[in-house]
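Observations on chain architecture
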Amino acid sequence: MTDIVNKEDLLRLLDRIGRMSRGLQYCHGLNPAQWDCLRFIGQANRFSRTPGALAAFLGTTKGTASQTLNALEKKGYLRRVPDPEDRRVRHIELTELGTGLLAEDPLNCLDRAIANLPAEIVETMSDGLNRLCADMQTRCGGQDLGICQTCGHFEGETDGGNMMCGLKQAELSCEDATRFCVNFLPETNTKSC
Ligand code: SF4
């Protein structure tokens, strides 16, 4: 009986935290989808800062992702810059205004609440939520995000000190290699850059 009550409590709490987090994100003239987009662009590597990658991450259509990006671009939070190697490709990046706004992310208050928790609780919650997330992803689908060091496409360091992506057959800076990628392929063996 206690087990059932605890599971119902957990479900209710997860739902409540989700709704509170969503409600917090109607601020600074943005909505939750726009905040998600801003966060994604702030954390993604250059291959992932595209409308298609954003759509995969948000689980939405490319058209909807493009509308969100356009709205943020109009507000001056994002800009599109041509790829130095291929002028047909344009990467999306944060402007200074966007970087400044991200520093005021309303979800920072969740960060502060987590920081107040004892380390052992953080560890247990993190383990449990990771399992829940993986289970939900298996059942419902969803984009796996990860970084180069644990990716099956990672081909290691180049002579020039960059890192090589086998999927894109292109180099990334070591800084970019620590950013999230939507083409991530989970792998157990880690390699260094
Ligand atoms: S190695 Fe993997 S994570 Fe890194 S850029 Fe390539 S696909 Fe993305």
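Residues numbered from 1 in each chain as written. Predicted model: local features only at pLDDT ≥ 70, side-chain atom pairs only at ≥ 80, totals over all residues.

Some thoughts on the sheet that holds strand β4 (residues 163-165)
The criterion, for reference: For two strands to be treated as a pair, DSSP must find at least two bridges joining them. By the criteria applied, helices consist of DSSP H or I runs no shorter than four residues and strands consist of E runs no shorter than two, each listed in order from the N terminus. Here an axis means a line fitted to C-alpha atoms, over the contact stretch when the element is a helix, while the angle between two N-to-C directions is reported on a 0 to 180 degree scale.
The 3 strands lie next to each other as β3-β4-β5, forming an open sheet whose pairing is antiparallel. Single-partner strands in this sheet number two, and they are β3 (154-157) and β5 (170-172). Going from strand to strand, the sheet's axes swing by 30° on average, the running direction of each strand aside. Where β3 meets β4, 2 bridges bridge the pair, whose relative direction is antiparallel. Note on β4: the bridge partner recorded for Phe154 is Cys165.

Let's talk about the site of the ligand
Let me state the cut-off plainly: We call a residue near a molecule or strand when its C-beta atom, built from the backbone, sits within 6 Å of it. Residue type decides the class: Asp, Glu, Lys and Arg count as charged, Ala, Val, Leu, Ile, Met, Phe, Trp, Tyr, Cys and Pro as nonpolar, and the leftover types, Gly among them, as polar.
Taken together, 14 residues form the shell around the ligand, and within it Cys148, Cys151, Cys165, Cys181 and Asn183 come nearest. Looking at side-chain class alone, the shell around the ligand contains 10 nonpolar, 3 polar and 1 charged residues.

Here we look at helix α7 (residues 119-140)
Put simply, the test is: Expected span, for any helix, means 1.5 Å times one less than how many residues it has. Exposed residues have 12 or fewer other C-beta atoms within 10 Å of their own C-beta, buried residues have 20 or more, and partly exposed residues fall in between, where C-beta atoms are placed from the backbone.
The end-to-end C-alpha distance of α7, which contains 22 residues, comes to 31 Å, matching closely the 32 Å that a straight helix rising 1.5 Å per residue would cover. The element α7 is barely covered by neighbouring structure, given that only 0 of its 22 residues are classed as buried. Where α7 terminates, the next one or two residues include Gly141, which has phi positive at roughly 80°.

Describing the nonpolar core
The nonpolar side chains of soluble globular proteins are, as a tendency, buried together. Put simply, the rule is: In this description, a nonpolar core means buried residues of the types Ala, Val, Leu, Ile, Met, Phe, Trp, Tyr and Cys, linked to one another by C-beta atoms lying within 7 Å. Domain start and stop positions are those given by an automatic or database domain assignment. Each residue is represented by a C-beta atom placed from its backbone, and any two residues with such atoms within 7 Å are regarded as in contact.
Counting 28 residues, the largest nonpolar core has Cys37, Leu38, Ile41, Leu54, Leu69 and Cys148 as the members making the most contacts within it. Of the residues forming this core, the biggest block, 5 residues, is contributed by helix α2 (residues 32-43). Here this core gathers at least three residues from each of two domains, domain 1 (19-106) and domain 3 (144-193). In this structure, Leu69 is in contact with Cys37, Pro51, Leu54, Leu78 and Ile92, ignoring residues within four places of it in sequence.

Thoughts on helix α3 (residues 51-58)
Residues of α3 that are buried: Ala53, Leu54, Ala55 and Phe57. In the segment just after α3, Gly59 is the residue with positive phi, at about 70°.

Digging into the domain arrangement of the protein
Along its sequence, the protein is organised into domain 1 (19-106), domain 2 (109-140) and domain 3 (144-193). Each of domain 1 and domain 3 has a C-alpha centre, and these two points are 22 Å apart. Contacts between the two partners involve 9 residues from domain 1 and, on the opposite side, 9 residues from domain 3. Of the residues forming the side of domain 1 that touches domain 3, the biggest block, 3 residues, is contributed by α3. Class assignment of the residues belonging to the side of domain 1 that touches domain 3 gives a composition of 5 nonpolar, 3 polar and 1 charged.

Observations regarding the packing of α3 against helix α4 (residues 62-74)
Note the threshold: In what follows, roughly perpendicular refers to angles from 65 to 115 degrees, roughly parallel to angles under 35, roughly antiparallel to angles over 145, and oblique to any angle outside these ranges.
At a minimum axis separation of 8 Å, α3 and α4 run at an interaxial angle of 110°. Taken together, the axes of α3 and α4 lie roughly perpendicular to each other. Contacts between α3 and α4 involve Pro51, Gly52, Leu54, Ala55 and Leu58 from the former and Lys62, Thr64, Ala65, Ser66 and Leu69 from the latter. For the contact of α3 with α4, the class distribution of residues is 6 nonpolar, 3 polar and 1 charged.

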